[in-house]
Amino acid sequence: MDRTIEYERSRFREGTRRAAAPRRPLIGRDADARLARSLLAQPHVRLLTLRGPGGVGKTRLALELAYQLSSQFARGVDWVELAPVQDATQVLATIARAVHASGTEVADLANAVGPEPMLLILDNFEHVMSAAPLVNQLLALAPDLRVLVTSRTVLHLRGEHELFLNPLSLPILDAHSSGSTAVEMFTRCAQTVNPRFAVTAANRADVNQICTLLGGLPSPWNWRPHAYGW
């Protein structure tokens, strides 16, 4: 688990509904963030799923959107981390804790959300798919609620809108090019280990190859520059 992302998510668990700016910059996702904001601003888009492979940056983008959009929702943003949930039957209880509901039925959650506009973020939904219909039930009972989901697969719900996230752009595999968002991400991560690190003529080909081998996935589990001696 990336400690920076874990820290950002922990603030939601502590009840913060006005998200602070993430501690590290968003790399290679500005266009995706603009499109997601545009979709969520449309009245008919109440359920948006950020879909992509594991490690592509769905949670990081969701955190950025939480920060950018929290002031636009009167009741702010609630974050629900579903990765630790072992059983789909526990999804309602997990959401209930996040929204401070008095019970664990869908109606209890809707009452807790109330009549004010709110954004509910459900992170890592892919392993509790049997609970997906409950999301639509909640949306039906809470007309001012918007739901942002991160998942490796879509929920297959009526009214769901999908935004697929591609891996970061890859460099051209030669010693003369390093202009890609994957290289930018690698460089920033390398500098957390060695502030003096820079892409040079001597290491450019190796950096390009590493980024290509990682497939442009920015997952912190993969971006460990110290493992390569930098």
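In what follows, the structure referred to is the one given above.
Residues numbered from 1 in each chain as written. Predicted model: local features only at pLDDT ≥ 70, side-chain atom pairs only at ≥ 80, totals over all residues. Heavy atoms only, no water.

1. Some details on helix H7 (residues 181-193)
Each full turn of the α-helix corresponds to 3.6 residues, which orients residues three or four apart in the same direction.
No. 1: In a regular helix each residue adds 1.5 Å, so 13 residues correspond to 18 Å; H7 covers 19 Å between its end C-alpha atoms and thus fits that length.
No. 2: What H7 keeps buried is the set Thr181, Ala182, Val183, Met185, Phe186, Thr187, Cys189 and Ala190.
No. 3: On the buried face of H7, the contacting elements are helix H8 (204-213). (Helix = DSSP H or I, 4+ residues; strand = E, 2+ residues; numbered from the N terminus. Expected span 1.5 Å × (residues − 1). Buried < 20%, exposed > 50% of the residue type's maximum accessible area, 1.4 Å probe, protein only. Contact = heavy atoms within 4.5 Å.)

2. Here's the deal with the state of the cysteines
No. 1: If you walk through the whole model with that rule in mind, you get zero disulfides.
No. 2: Of the cysteine sulfurs around Cys211, a residue in no disulfide, the closest is that of Cys189, at 9.7 Å. (Disulfide = S-S within 2.5 Å.)

3. Some words on the sheet that holds strand E5 (residues 160-164)
No. 1: Read across the sheet, five strands follow the order E2-E3-E4-E1-E5 without closing on themselves; strand pairing throughout is parallel. With partners counted over all chains shown, the strands left at the sheet margins are strand E2 (77-81) and E5, one partner each. The sheet shows a mean angle of 20 degrees between the axes of neighbouring strands, direction not considered.
No. 2: One ladder, built from five bridges, connects strand E1 (residues 47-51) with E5; its direction is parallel. Of the residues in E5, the one forming a bridge with Leu48 is His161.
No. 3: Here helix H6 (residues 132-141) sits on the sheet in contact with E1, strand E3 (118-123) and strand E4 (145-151), set at roughly 165 degrees to E4. (Pairing = 2+ DSSP bridges. Axes fitted to C-alpha atoms, helices over the stretch in contact; angles between N-to-C directions.)

4. With respect to the pattern of salt bridges
No. 1: The final tally for this structure, using the stated rule, is six salt bridges.
No. 2: Among the ionic pairs, Arg51 bridges to Glu162, the shortest N-O distance being 2.3 Å. Of this pair, Arg51 sits in strand E1 while Glu162 sits in strand E5; the two residues are 111 residues apart in sequence, bridging distant segments of the chain.
No. 3: For Arg51, a relative accessible area of 25% corresponds to the partly exposed category.
No. 4: Taking the shortest distance from any N to any O, the salt bridge between Arg75 and Asp78 comes out at 3.3 Å.
No. 5: Look at Arg75 and you get buried, because its relative accessible area is 15%. (Salt bridge = Lys/Arg side-chain N within 4 Å of Asp/Glu carboxyl O.)

5. A few points about unusual backbone geometry
No. 1: Of note, the phi angle at His100 is positive, near 60 degrees, even though the residue is not glycine.
No. 2: Here His100 lies in the loop between helix H4 (91-99) and helix H5 (106-113).
No. 3: One non-glycine residue, Asn124, adopts positive backbone phi at about 70 degrees.

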